[in-house]
Number of protein chains: 2
Amino acid sequence: MYPIITISREFGSGGHSIGKAVAEALGIPFYDSEIVNKAAEVSGYTKDFIEQHGENTSGLDQWLYGGAFAAGYVKSPQDEIFRVQSRIILDYAQQGPCVIVGRCADYILERRNVPSLNILIHADMEHRKARILERYGNNDVPVERRIRTKDKGRQAYYRYYTDRKWGNYMHYHLSLDSGFLGEETCVKMIVDLAKKMDAE
Amino acid sequence: MYPIITISREFGSGGHSIGKAVAEALGIPFYDSEIVNKAAEVSGYTKDFIEQHGENTSGLDQWLYGGAFAAGYVKSPQDEIFRVQSRIILDYAQQGPCVIVGRCADYILERRNVPSLNILIHADMEHRKARILERYGNNDVPVERRIRTKDKGRQAYYRYYTDRKWGNYMHYHLSLDSGFLGEETCVKMIVDLAKKMDAE
């Protein structure tokens, strides 16, 4: 059987596209924004709200959710979204091999002893800037700042819910520099590996 | 042409064996302890001394080499070994594709704009303990402590000479968990990649 594949990625590294291409090549489901849609359905929060709070922690979040929420008096919306998303991820995983992008999926599955192949996709800033500009175009905020802000938010979120450092090599079975290797090579390496694991 | 391949590795992760097998499969030279032998020849220090100081920094080293040496009044033996090893590594790289293990080779080549494929090999503690016991057997020091001490020394050495953190995913094009993937799969992935780069 193919493994369940989790993909952690730097913003602009192409992790989404790589994961999608891997899922297509293997003929297994792919979950990224699908998790947001599902979480919106289940929780009653809007997709926008979930997108904002379901993988990012901003300074504002920390301030808003820091006091009464942290003390456990009230459940913060962010905690609720994490809980809902975790259940969705575990449900997906139970249905069989799939590719899941972001949202601490590596940690969530590990905690429940669900085996997964955990992959990190990263790239140097130049490649990421070019990619973001190509996909989303320019806006008022300089592209490098957009990238750093997004990464910081995701890393803080990961740290908050997993108590470990995002990007620590120890937590990934395979880390790929998509800027150096190219997206196609990354896809091929992951697909070949999944097929090898299937054959064993 | 095959790339020059540098391998950084955790102690006990099998980085040496993997690098050696890759070099054999590609028919290119492999340099690990060869660097020590060569450095002994060139510098006049004994192999033992170079092995102790050519990739490890201990607290004692830092204390010994911290004062007058750091201030530049006297060249520390460690600095001299670093300089000699750097020149050896650059010489090897100039002769063509090869595999070089450890000794900040990734950084040394990058600083001179010599392109290389930089790989990190790591594994969980259980796999590393088993591997070290199998290869070197038991001694007075508990195996986990031996592993941690060795890694710490190498990391401090890397930090000292490169001013960057050992193991930061950003500095590797490919990071592999040899405990999870198995040595054979690691070798195959690297060989396939080198062949692909050769064909491009």
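All of these numbers come straight from a predicted model, not from anything done at the bench. (Residues numbered from 1 in each chain as written. Chains lettered and ligands numbered in written order. Predicted model: local features only at pLDDT ≥ 70, side-chain atom pairs only at ≥ 80, totals over all residues. Heavy atoms only, no water.)

### Thoughts on the sheet that holds strand β4 (residues 117-122) of chain B
Sheet strands pair via backbone hydrogen bonds, and the direction of the pair is either parallel or antiparallel.
So, point 1. As summarised here, the arrangement of the 10 strands in space is β2(A)-β3(A)-β1(A)-β4(A)-β5(A)-β5(B)-β4(B)-β1(B)-β3(B)-β2(B), forming an open sheet in which the pairing is mixed. Strands at the two margins of the open sheet, each flanked by one partner only, are β2 (30-31) of chain A together with β2 (30-31) of chain B.
So, point 2. As paired strands, strand β1 (residues 5-9) of chain A and strand β4 (residues 117-122) of chain A are joined by five bridges and run parallel to one another. What sits directly across from R9 of chain A, in β4 of chain A, is I121 of chain A.
So, point 3. Its contacts with the sheet place helix α10 (residues 183-199) of chain A against β1, β4 and β5 (174-177) of chain A together with β5 (174-177) of chain B, and it is angled at close to 160 degrees to β5 of chain A. (Pairing = 2+ DSSP bridges. Helix = DSSP H or I, 4+ residues; strand = E, 2+ residues; numbered from the N terminus. Contact = heavy atoms within 4.5 Å. Axes fitted to C-alpha atoms, helices over the stretch in contact; angles between N-to-C directions.)

### Observations concerning the confidence of the model for chain A
So, point 1. Model confidence for chain A is summarised by a mean pLDDT of 90, while 91% of its residues fall at 70 or above.
So, point 2. For this predicted complex, the interface score ipTM comes out at 0.90, alongside a pTM of 0.91. (pLDDT = per-residue confidence, 0-100.)

### Side note on a positive patch on the surface
So, point 1. A contiguous patch of positive charge, built from R159 and K165 of chain A together with R159 and K165 of chain B, is present on the exposed surface.
So, point 2. In this fold, R159 of chain B is placed in helix α8 (residues 143-162). (Patch = residues over 30% accessible without salt bridge, like charges linked within 9 Å, V, L, I, M, F, W, Y side chains within 5 Å. Areas by Shrake-Rupley, 256 points an atom, 1.4 Å probe, with all protein chains shown as cover. Salt bridge = Lys/Arg side-chain N within 4 Å of Asp/Glu carboxyl O. Lys, Arg positive; Asp, Glu negative; His and termini not counted. Charge placed at Lys NZ, Arg CZ, Asp CG, Glu CD.)

### Observations concerning the interface of chain B and chain A
So, point 1. Listed as interface residues are 22 residues of chain B and, on the opposing side, 22 residues of chain A.
So, point 2. In total, about 1,900 Å² of surface goes out of reach between chain B and chain A, with carbon and sulfur atoms giving 67% of it.
So, point 3. Interface area lost by chain B to chain A is led by Y169, H173 and F180 of chain B, which between them contribute 34%.
So, point 4. On inspection of chain B and its partner chain A, the count reaches nine residue pairs in polar contact (both at pLDDT 80 or more).
So, point 5. Elements with a minimum of two residues in the side of chain B that touches chain A: β4, β5, α9 (178-181) and α10 (183-199) of chain B. (Buried area = accessible area lost by both parts, 1.4 Å probe. Polar contact = N/O pair within 3.5 Å; in protein donor to acceptor, adjacent residues only side chain to side chain.)

### A word on the relation of the copies chain B and chain A
So, point 1. Each copy superposes on the other: chain B lies on chain A with an RMSD of 0.0 Å after a rotation of 180 degrees and an axial shift of 0.0 Å. Considering both components of the superposition, the chain copies are consistent with a two-fold axis. Distance from the rotation axis, computed per C-alpha, reaches its smallest value in chain B at S175 of chain B: 2.4 Å.
So, point 2. Taken together, the interface assignments show that 100% of the residues at the interface of chain B recur at the interface of chain A, consistent with an identical surface on both copies. (Least-squares fit on C-alpha atoms with pLDDT ≥ 70 in both.)

### A word on the side chain of N118 of chain A
Residues and elements named next belong to chain A.
So, point 1. In this fold, N118 is placed in strand β4.
So, point 2. Taking the relative accessible area as the measure of exposure, N118 reaches 6% and is therefore buried.
So, point 3. A polar contact is formed between the side chain of N118 and the side chain of S116, at a distance of 2.8 Å.
So, point 4. Not counting chain neighbours up to four residues away, the residues in contact with N118 comprise T6, D106, H171, Y172, H173 and L174. (Buried < 20%, exposed > 50% of the residue type's maximum accessible area, 1.4 Å probe, protein only.)

### As for the environment of Y136 of chain A
Residues and elements named next belong to chain A.
So, point 1. Among the secondary structure elements, Y136 is positioned in helix α7 (residues 125-136).
So, point 2. Separated by 19 residues in the primary sequence, Y136 and L117 place their C-alpha atoms 30 Å from one another.
So, point 3. With sequence-adjacent residues up to four places away left out, Y136 is seen in contact with F11 and R146.

### Observations concerning the pairing of β5 of chain A
So, point 1. Because side chains alternate across β5 of chain A, one face comprises the buried residues L174 and L176 of chain A, and the other comprises S175 and D177 of chain A, equally buried.
So, point 2. Here β5 of chain A pairs with β5 of chain B via three bridges, running antiparallel. By the bridge assignment, S175 of chain A is partnered in β5 of chain B with S175 of chain B.

### Quick look at the nonpolar core
Proteins that are soluble and globular tend to have nonpolar side chains buried together.
So, point 1. Residues I5 of chain A together with I5 of chain B are the most contacted members of the largest nonpolar core, which totals 46 residues.
So, point 2. Each residue touching I5 of chain B, except ones within four places of it in the same chain, is listed here: V22, L26, C98, V99, I100, L117, I119, I190 and A194 of chain B. (Core = buried A, V, L, I, M, F, W, Y, C linked by side-chain atoms within 4.5 Å.)

### A word on the packing of aromatic side chains
So, point 1. All chains considered together, the criterion is met by 16 aromatic pairs over all chains.
So, point 2. Residues Y160 of chain B and Y161 of chain B carry aromatic rings whose centres are separated by 4.8 Å and whose planes lie at 80 degrees to one another, so their mutual orientation is edge-to-face.
So, point 3. Residue class for Y161 of chain B comes out buried when judged on its relative accessible area of 12%.
So, point 4. Ring pairs connect the aromatic residues F82, Y157, Y160 and Y161 of chain A, which therefore count as one cluster.
So, point 5. The ring of F11 of chain A carries the charged tip of K150 of chain A above its face, separated from the ring centre by 5.3 Å. (Phe/Tyr/Trp six-rings, centres within 6.5 Å; stacked < 30°, edge-to-face > 60°. Lys NZ or Arg CZ within 6 Å of the ring centre and 35° of its normal.)

### Considerations on the environment of D163 of chain A
So, point 1. Here D163 of chain A is to be found in the loop between α8 (143-162) and β5.
So, point 2. By relative accessible area, which is 66% here, D163 of chain A ends up exposed.

### Quick word on unusual backbone geometry
So, point 1. Even without a glycine there, the phi angle at N113 of chain A is positive, about 60 degrees.
So, point 2. Within the fold, N113 of chain A resides in the loop between α6 (105-111) and β4.
So, point 3. The phi angle at D163 of chain B is positive, at roughly 60 degrees, despite the residue not being glycine.

### So, the packing of α10 of chain A against α10 of chain B
So, point 1. At a closest axis distance of 12 Å, the pairing of α10 of chain A and α10 of chain B adopts a crossing angle of 150 degrees. In terms of orientation, α10 of chain A lies roughly antiparallel with respect to α10 of chain B. The two elements α10 of chain A and α10 of chain B meet at a crossing, and its hand is right-handed. Where α10 of chain A abuts α10 of chain B, its residues T185, M189, L193 and K196 of chain A lie against T185, M189, L193 and K196 of chain B.
So, point 2. Counted by class, the contact of α10 of chain A with α10 of chain B contains four nonpolar, two polar and two charged residues. (Parallel < 35°, antiparallel > 145°, perpendicular 65-115°, else oblique. Left-handed = near helix turned anticlockwise from the far one by under 90°. Nonpolar A, V, L, I, M, F, W, Y, C, P; charged D, E, K, R; others polar.)

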